[in-house]
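# Descriptive analysis of the structure
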Amino acid sequence: MEVYLKQLSTQYGVHVCGEGGEYETFTLDCPLFKKKIVIDSSEAVIHSADAFAPVGYLRFLKMHVADKPNNSSASTTVTDSCPCMNYVGDITEFVEDNEQKQTPQVQIASDLCRDTLWDYKRFCPLRTKHGYQWICGISGSSVHSERSSIQDQTKQVFTLLQGEVEARGFELNDMVLVHLYVKSMSDFCAINSLYQSYFDVNPPARVCVEAPLPDGELLQIDCLLYKCEITGDDTSSQQKQVMHVQSISHWAPANIGPYSQSIKVGEAIFCAGQIALMPCTMQLVQGGVRTEARLSFSHVEKVLDAMNTGLTLSHVLLANCYVTNKKNIGLVQKIWDKKLKEQSSKDEDYGEAERKCGPLVIAVVPHLPRGAEVELHVIAACDDPRQRKSSHMTKELTLGNIEYEVLESSSAASATISLSLSLPPSPDTPLNTEDIVKDLSGSFNEALHKLDDNLSPLCFRAFYKQSSTAARLLLSGFVQSVKQSLDDRSSAVSLVPVEDLPFSRTLHITCWLSK
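Residues numbered from 1 in each chain as written. Predicted model: local features only at pLDDT ≥ 70, side-chain atom pairs only at ≥ 80, totals over all residues. Heavy atoms only, no water.

### What to know about the packing of helix H4 (residues 150–167) against helix H5 (residues 188–195)
Heads up, the rule is: Under this scheme, a helix contributes an axis fitted over its contacting stretch, all axes are lines through C-alpha atoms, and angles between N-to-C directions fall in the 0 to 180 degree range. Elements are defined by DSSP. Helices are runs of H or I of four residues or more, strands are runs of E of two residues or more, and each kind is numbered from the N terminus. Here the word oblique covers every angle except those under 35 degrees (roughly parallel), over 145 (roughly antiparallel) and from 65 to 115 (roughly perpendicular). Definitions for this section: a left-handed crossing has its near helix turned counterclockwise from the far helix by less than a right angle. A right-handed crossing has that turn clockwise. Only heavy atoms enter the contact rule, under which two residues are in contact if any of them lie within 4.5 Å. Residues are grouped as follows: nonpolar covers Ala, Val, Leu, Ile, Met, Phe, Trp, Tyr, Cys and Pro; charged covers Asp, Glu, Lys and Arg; every other residue, Gly included, is treated as polar.
In the contact formed by H4 and H5, the axes pass within 10 Å of each other and the chain directions differ by 40°. With respect to their mutual orientation, H4 and H5 come out oblique. In this structure, H4 crosses over H5, and the sense of that crossing is right-handed. Across the interface between the two elements, Ile150, Gln151, Thr154, Lys155 and Phe158 from H4 touch Ala190, Ile191, Leu194 and Tyr195 from H5. Of the residues in the contact of H4 with H5, the class split is six nonpolar, two polar and one charged.

### With respect to the sheet that holds strand S13 (residues 360–364)
For clarity, the cut-off: Here a strand pair is declared whenever DSSP counts at least two bridges between the two strands.
Across the sheet, which stays open at both edges, the six strands sit in the order S7-S8-S9-S14-S12-S13 with mixed pairing between neighbours. Whereas interior strands pair on both sides, the edge strands pair on one side only; in this sheet they are strand S7 (241–243) and S13. This sheet shows a mean twist of 15° between the axes of neighbouring strands, independent of strand direction. In this sheet, strand S14 (residues 374–381) lies alongside strand S12 (residues 316–323) in antiparallel orientation, the contact comprising seven bridges.

### Quick look at the environment of Thr416
For clarity, the cut-off: Nitrogen and oxygen atoms within 3.5 Å of one another constitute a polar contact, given that in protein one can donate a hydrogen and the other can accept it, and given that sequence-neighbouring residues count only through two side-chain atoms.
With respect to the secondary-structure elements, Thr416 resides in strand S17 (residues 414–422). Remark: the alpha-carbon pair of Thr416 and Pro457, spanning 41 residues in sequence, is separated by 8.7 Å. Setting aside its immediate chain neighbours within four residues, Thr416 contacts Leu317, Leu318, Glu405, Val406, Leu407, Cys511, Trp512 and Leu513. A distance of 3.0 Å separates the side chain of Thr416 from the backbone oxygen of Leu317, its partner in a polar contact.

These results come straight from atomic positions and should not be treated as a statement about function.
Pasting the structure below:
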């Protein structure tokens, strides 16, 4: 650098130490310091006594380090008065979920095997006219080696992924969002060490949870890619904007892996999954699931606001929340509803219309990173939530019901569909799977027709109870039926086995649509 700085100084008269006029700071103490710095003596030195713009600096003559107070009152102060905690709030209500942890599953005599359902994982749709492409079903396998390590499978996954990506005219750096499902969260660090070698300084946003994957599969990946296909004068608004913060602060957690907090493309903001880490210490907050939910929701909201000033959770189109215990579902839902209600109350004070936010899709998984109990991932839109188009329908079946929610952004550039199937745990009569599949497919097509014709389904994310034979059979039939009906607007399919779903839901399918 010295040669270039001297060259600039010679050509333009720029001082090699930079221009003056700034105030410099010297940090004596902060929560990350094990000891504090004490200045014993110093002197002010006037470098330039110019009457208009004098320049001086402070010279430290003698300093030493000193121990910091390490008692209960000090640690309490860090936690209780920390700005990070100002967003947690105080939830005193107790929500009791009367459902049992495990419920009997519907058993159906079927020769359905794992491969029948998993055949749909590798199906990838065409690229949208705006340049989006979703690739699903990239997973590790122990077919050739029963003792395949997590390192071997991670390399195998990225070899497959890179081939799929390049075959469609993309590069790994075109990734916007990655969903990473691991069989054991104990492999988190080993995966990260290899994962980071495939990306540069602006990796994609990422969601990582543990899921009960099929035997032999240690990890599974699906990803959204984007390459601007728009020509003309308005291409700047469609370029990727990346937020990749690694510094420690009171604002929001730094990354604990090779991912970005969020990526913005056009009006869409794709956020990484957020757990309740204290930003100033990067440790999981204490206080249980209530505190974790409030803090993780706050993290997401601060990321949204940083990406586009004024954005809140009410701008969310799609929200997936992962919990590790079914009994916490009711409480997490209540906290989410309260956050949205707080914003709605402000709107009512000003006489504004109600904001329309996407539903919170909750799934129970075995473990989350850092031992967290709650993780929130959202896709939001920089639009006017009061002008969004929405629809809701519940269809009663002979056994159970089907429910869907549709939400389209105010600009009609993106939308989501949430489709769920609820069945009784122990029906008195056998299930007519063919009729249920027809009803599921019909409900999805009905929901799809309520949206702008230019919107294309990019990805189905199908959460299903891993222990339910009925869920796998119905999901297989649904995917096949929808694939046939969509034709050129076919969507990628991400199959996510989970431990449980809220209420009596057997399946919960979300779909992201874009132009």
